[in-house]
Amino acid sequence: MYDGIVQELIDEFGRLPGIGPKSAQRIAFHILQTPSFDVKRLSELLVEVRERVRFCEICGNVAEQERCAICRDPRRNAALICVVEDAKDVAAIERTREYRGLYHVLGGAISPIAGVGPDDLRIAQLMTRLADGTVQEVILATNPNLEGEATASYLSRLLTTMQITVSRLASGLPVGGDLEYADEVTLGRAFEGRRVL
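Because the structure is a prediction, the values reported are computed rather than measured.

J.: Can you walk me through the nonpolar core in this structure?
T.: Ranked by internal contacts, the top residues of the largest apolar core, which has 32 residues, are Cys82, Val83, Val84, Tyr103, Leu130 and Val138. Looking at this core, the elements that each hand over two or more residues are helix H4 (69-72), strand S3 (77-84), helix H5 (87-96), strand S4 (101-105), helix H6 (123-130), strand S5 (137-140) and helix H7 (146-159). Among the elements that take part in this core, S3 stands out by supplying five residues, more than any other. Dropping the residues within four chain positions of it, Tyr103 is found in contact with Cys59, Ile70, Arg76, Ile81, Cys82, Val84, Val90, Ile93, Glu94 and Arg129. Among the nonpolar cores identified, the runner-up in size contains five residues, and Ile10, Phe13, Ala24 and Ile31 belong to it.

J.: Is there a simple way to think about unusual backbone geometry in this case?
T.: Across the chain, the bulk of peptide bonds are trans and the bulk of non-glycine residues have phi less than zero. The backbone of Arg97 shows a phi angle near 60°, a positive value even though the residue is not glycine. Following the sequence through the fold, Arg97 ends up in the loop between H5 and S4. Owing to a relative accessible area of 75%, Arg97 belongs among the exposed residues under this scheme.

J.: What am I meant to see in the packing of aromatic side chains here?
T.: Where two aromatic rings form a pair, the distance of their centres and the angle of their planes describe that pair. Inspection of every chain in the model, using the stated rule, returns one aromatic pair. Measuring from ring centre to ring centre gives 5.2 Å for Tyr99 and Tyr103, while their planes differ by 65°; the resulting arrangement is edge-to-face. Per residue, the accessibility class of Tyr99 equals that of Tyr103, and both read buried.

J.: Teacher, can you tell me more about a nonpolar patch on the surface here?
T.: On the surface, a cluster of nonpolar side chains totalling about 350 Å² of accessible area is made up of Val49, Val53, Phe55 and Val62. With respect to the element layout, Val53 can be found in the loop between helix H3 (39-52) and strand S1 (54-55).

J.: I tried to follow the packing of H6 against H7 on my own but got confused; where do I start?
T.: What describes two packed helices is the angle between their axes and the distance between those same axes. Orientation of H6 relative to H7, taken along the N-to-C sense of each, is 35°, at an axis distance of 12 Å. Here H6 and H7 pass one another in a crossing that is right-handed. Taking contact as the criterion, the partners of Ile123, Leu126, Met127 and Leu130 in H6 are, on H7, Tyr154, Leu155, Leu158 and Leu159.

What counts and what doesn't
- Residues numbered from 1 in each chain as written.
- Predicted model: local features only at pLDDT ≥ 70, side-chain atom pairs only at ≥ 80, totals over all residues.
- Heavy atoms only, no water.
- Core = buried A, V, L, I, M, F, W, Y, C linked by side-chain atoms within 4.5 Å.
- Buried < 20%, exposed > 50% of the residue type's maximum accessible area, 1.4 Å probe, protein only.
- Helix = DSSP H or I, 4+ residues; strand = E, 2+ residues; numbered from the N terminus.
- Contact = heavy atoms within 4.5 Å.
- Phe/Tyr/Trp six-rings, centres within 6.5 Å; stacked < 30°, edge-to-face > 60°.
- Patch = residues over 30% accessible without salt bridge, like charges linked within 9 Å, V, L, I, M, F, W, Y side chains within 5 Å.
- Areas by Shrake-Rupley, 256 points an atom, 1.4 Å probe, with all protein chains shown as cover.
- Salt bridge = Lys/Arg side-chain N within 4 Å of Asp/Glu carboxyl O.
- Axes fitted to C-alpha atoms, helices over the stretch in contact; angles between N-to-C directions.
- Left-handed = near helix turned anticlockwise from the far one by under 90°.

Below, the structure written as structure tokens:
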């Protein structure tokens, strides 16, 4: 649609997840039309992130050192491990300020359609972490979709052989939501997870 390098810039932004053609165009033109926008700093940060950021050797979370800040924190409860699919999920759970245990990032979810099996995830590393007997509970916090449920089910079966409590995050109706707009699966989960008041 645009000539040369402007269209290339829009196309590059469009390759980012969650950025559609209109958003890509909006970002590109913001950069072009805002004199105060520090393009050099953005490019330096992108290069720096690629060079410095790695994945924690213990949990798989993003880190700038061998271990992430959560794994280095002695105040965290080492008897709890929350298993998540991606590092973004760690950030989401941390924002709640409700959980004080450790994490284990799988690096995805089981998806036969996408060719992702248990061997493609960090499940062996999880089993190694659980072997020393420190962990008393594993919380399965995979996404409540087909792949996340398959992953949670697989891990649950795998962990039944160990003397560890395995729990799953509750799912159901969102706060502020209306029953009429809830799908059958969500509503069914809400009934399953109901609690006595």
